[in-house]
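# Inside the fold
Read off the chains here:
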Amino acid sequence: MEQKSTKKKFPKWIWFIVIVGLAAFGAYKFWPRQPQPSADSSQSGNHGGWSKKGGRISSDSPIVTATAKIGDINIYLNGLGSVTPLNTVTVKYQVSGQIMKVLFKEGQIVNEGDLLAQIDTRPFEIQLAQAQGQLLHDQALLDDAKLDLKRYQVLSSQDSIPQQQVDTQAALVQQYEGTVKVDGAAVNNAKLQIAYANVTAPISGQIGLRLEDAGNIISPGDTTGLAVITKLQPITVIFSIPEDNLPQVLSKYQAGVKLVADAYDREETKKIATGYLLAVDSQIDQTTGTVKLKAVFDNKDYALYPNQFVNIHLLVDVEKGAVIIPVAAIQQGPEGSFVFVVKSDNTVTVREVTPGPTQEDNVAIEDGLSAGDVVVVEGADKLKEGSKVTLSGHKHKTSSSGTSSPGETP
């Protein structure tokens, strides 16, 4: 008789538990883990991987720097202004009649004296012919009266006629002379009406949209006119500055110094034109505490347009030999402005500074820095006193005039 096997089979769920356990042990044993922070780091209370000396444990902080340079920096007064043309003329009519032709294109640049429109001249030509005919008639009477006066004067010298007759004839001559002058004025007036029928541009500039069409009957009493001409070259900008800055401007203006004015767009990122200060208003606006100034620009490229809002930078002084760094290097703290200065061992130190006037992306430092100091421009948000840094870039440029101003170079 065959014996039955006594070997027991393990349940499948036991094998499943064994396999999962082995996999977990292998993951724990061989999976890479983050190193534990050092004791110094734990004791100092630093978080986020910073060492006690300020450097990052795994690597240095990458930054971009700039070197403080000696140079000149311009001091500007800024004000919001509106472009205002020197002349704006509404072209109106000086005679009544029908418009026969309109000879300009809307928006074109016209010169003084250019023919813009023609009014029907036939009524004025008839008036001219009448005046000329009357003039010939009265001139003939004058010539005849003068001949009679000569005859009377001869006869009077011979005592052939009384002197009263000579005097009467002389008065008649003067009367005809006056009539002839009136006739001559009538002729000139008729010629002037014909000239007025040719409507010309009174100034040079850009002509606007047409306000009257050919065929309309117009008269000098019309309020609209033919079109509006605006003088664009040169053009002015009226802007305001605080009254506290007025003495600084007046001292230069009254001394005959031509103060340079730069016009920028609304975002103050693009320079539109360069001109100079033309006039200062005679009084301060008490409601705003400002005074109006007027600057004039050549506007050769027509970049400035009437009623356009622009930002004016008025150059009032130049600070010579200033220590200049990029504005981006200036940081703000509880105690005021400061910069991070990079030392020779590639660590940074906090240096309190006194900023002065700014020009575009540059700022003059009144106190706290010297020429040659290297300051952090980018990456300062990750730094503190003593941080170890890695230089990933350097910014600086020098203008062609020799004035140093921070900026980017290769």
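Whatever comes next refers back to the structure up there.
The next thing to look at is the overall build of the chain. What the chain contains, in helices and strands, is five helices and 23 strands. Within the chain, buried positions represent 34% of all 410 residues. Relative to all contacts within the chain whose residues are 6 or more apart in sequence, the contacts with residues 24 or more apart total 73%.

It is characteristic of soluble globular proteins that their nonpolar side chains tend to be buried jointly. With 25 residues, the main nonpolar core has V249, F297, L304 and L314 as its most contacted residues. Elements with a contribution of two residues or more to this core: β2 (69–85), β11 (235–242), α5 (246–253), β12 (260–264), β13 (271–280), β14 (290–297) and β15 (309–326). If we skip the residues at most four places from it in the chain, L304 touches V83, I235, V237, A263, I272, A273, F297, N299 and V310. The next biggest cluster of nonpolar side chains, apart from the first, holds 19 residues, and it includes V91, I99, V199 and I229.

A separate point is the packing of aromatic side chains. Both the distance between ring centres and the angle between the ring planes are used here to describe each pair of aromatic rings. Taken as a whole and assessed by the stated rule, the structure comprises one aromatic pair. Their ring planes at 85° and their centres at 5.6 Å tell us that F338 and F340 sit as a pair that is edge-to-face. For F338, a relative accessible area of 16% translates into the label buried. With a relative accessible area of 5%, F340 lands in the buried category.

The next subject is the sheet that holds strand β4 (residues 97–102). Spatially, β7-β6-β4-β9 is the arrangement adopted by the four strands of the open sheet, whose pairing is antiparallel. Unpaired on one side and paired on the other, β7 (198–200) and β9 (217–218) mark the two borders of the sheet. Where β4 meets β9, two bridges bridge the pair, whose relative direction is antiparallel. The residue of β9 that forms the bridge with Q98 is I217.

This part takes up the sheet that holds strand β8 (residues 205–207). Within the open sheet, the four strands sit side by side as β3-β10-β8-β5. Their pairing is antiparallel. Two strands close off the open sheet at either side, each with one partner strand: β3 (88–91) and β5 (109–110). The pairing of β3 with strand β10 (residues 227–230) spans four bridges and is classified as antiparallel. By the bridge assignment for β10, V89 is matched with I229.

Before going further, it helps to spend a moment on the packing of helix α3 (residues 122–157) against helix α4 (residues 163–196). Following both chains from N to C, one finds α3 and α4 inclined at 160°, their axes separated by 8 Å at the closest point. Classified by the angle their axes make, α3 and α4 are roughly antiparallel. For the pair α3 and α4, the crossing hand works out as left-handed. Residue composition of the contact of α3 with α4, by class: 18 nonpolar, twelve polar and seven charged.

For Q193, the location among the structural elements is in helix α4. When its relative accessible area of 15% is taken as the criterion, Q193 is described as buried. Setting aside residues no more than four positions away along its own chain, Q193 makes contact with V95 and F124.

About the cut-offs
Residues numbered from 1 in each chain as written. Predicted model: local features only at pLDDT ≥ 70, side-chain atom pairs only at ≥ 80, totals over all residues. Heavy atoms only, no water. Helix = DSSP H or I, 4+ residues; strand = E, 2+ residues; numbered from the N terminus. Buried < 20%, exposed > 50% of the residue type's maximum accessible area, 1.4 Å probe, protein only. Contact = heavy atoms within 4.5 Å. Core = buried A, V, L, I, M, F, W, Y, C linked by side-chain atoms within 4.5 Å. Phe/Tyr/Trp six-rings, centres within 6.5 Å; stacked < 30°, edge-to-face > 60°. Pairing = 2+ DSSP bridges. Axes fitted to C-alpha atoms, helices over the stretch in contact; angles between N-to-C directions. Parallel < 35°, antiparallel > 145°, perpendicular 65-115°, else oblique. Left-handed = near helix turned anticlockwise from the far one by under 90°. Nonpolar A, V, L, I, M, F, W, Y, C, P; charged D, E, K, R; others polar.

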